[in-house]
Amino acid sequence: MSAFLQQLPALMGVVIGALGSYLAVVRGDRARFRRESEARWEERRLAVYSDYARTVKTSVTLTYRVAAHLGNDPHPHPLTPREAAPAQADAAVARDPAGEALLLLGSRDVVEKARIWVVAVMEMERFLREETRDPDAWRALLERQRTAREGYYTAVREDLALPPGHGARWPLPPVSDTP
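Small disclaimer: the values here were computed from a predicted structure and weren't measured. Each residue is numbered by its place in its chain's sequence as written, counting from 1. In keeping with the model being predicted, local features are shown solely for residues with a pLDDT of at least 70 and side-chain atom pairs are shown and tallied solely at 80 or more, while totals for entire chains, interfaces and linings include all residues. The basis for the side-chain values is all heavy atoms of the structure; hydrogens and waters are excluded.

(A) Layout of the pattern of salt bridges. We define a salt bridge as a contact between a side-chain nitrogen of Lys or Arg and a carboxyl oxygen of Asp or Glu at a distance within 4 Å. Tallying each qualifying case throughout the model produces 7 salt bridges. Notably, a salt bridge pairs Glu 125 with Arg 95, separated by 3.2 Å at the nearest N-O pair. You can see Glu 125 sitting in helix α3 (residues 108–129) and its partner Arg 95 sitting in helix α2 (residues 81–105), a full 30 residues away along the chain. Exposure class is identical for Glu 125 and Arg 95. Each is buried. Among the ionic pairs, Arg 115 bridges to Glu 112, the shortest N-O distance being 2.7 Å. Linking Arg 115 with Glu 112, this pair stays in helix α3, spanning 3 residues, or about one helical turn. On the basis of relative accessible area, Glu 112 is assigned to the partly exposed category, the value being 35%. Put simply, DSSP marks the helices as runs of H or I at least four residues long and the strands as runs of E at least two long, and each gets a number from the N terminus on. For the exposure calls, accessible area comes from a 1.4 Å probe over protein chains only, and a residue counts as buried if that area is under 20% of its type's maximum, exposed if over 50%, partly exposed in between.

In structure tokens form, the structure reads like this:
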């Protein structure tokens, strides 16, 4: 029996070491799973944010083209409101599912900035549906949309812990006075 008692501390050391090793492996696996899960959700959020931006930007580009036809914008490829109508309808329809995905996965700040951006775009669309010919008013709407877009991208970068990006503010050529 005394031989067993002499070996007991070594045996306890082995049991404690095995238990510690097991706990370290379990804890490491949990941490790895959590990191991988967070990375997957982050990738999904980035995809949702990008898809939403792409659908809104499609609408924006169409408004530029219609505005060019009305003499409000210098876009080199004007479209009549009639020619643009089917594409505008498709773009508006595409915004809905992209917006729903954004509501599901987006942070509160990103969703709020997206709302501000899309409202600015909808005001641009309304301006053009009324066939307004006012380059100064158009520039004001355009500036509001650009500021809203910049706010959206800033919120996305903050949510995803990305470095600051480009503001995408390029000088545009002036609109000619002749229609």
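What follows picks up the thread again.
(B) Layout of α3. A helix's residues, less one, multiplied by 1.5 Å, set its expected span. Along its 22 residues, α3 runs 31 Å from first to last C-alpha, staying within 8% of the 32 Å computed at 1.5 Å per residue. All buried positions along α3 are accounted for by Val 110, Ala 114, Trp 117, Val 118, Ala 120, Val 121, Met 124, Glu 125, Phe 127 and Leu 128. Residue Glu 131 follows α3 closely and has a positive phi angle near 55 degrees.

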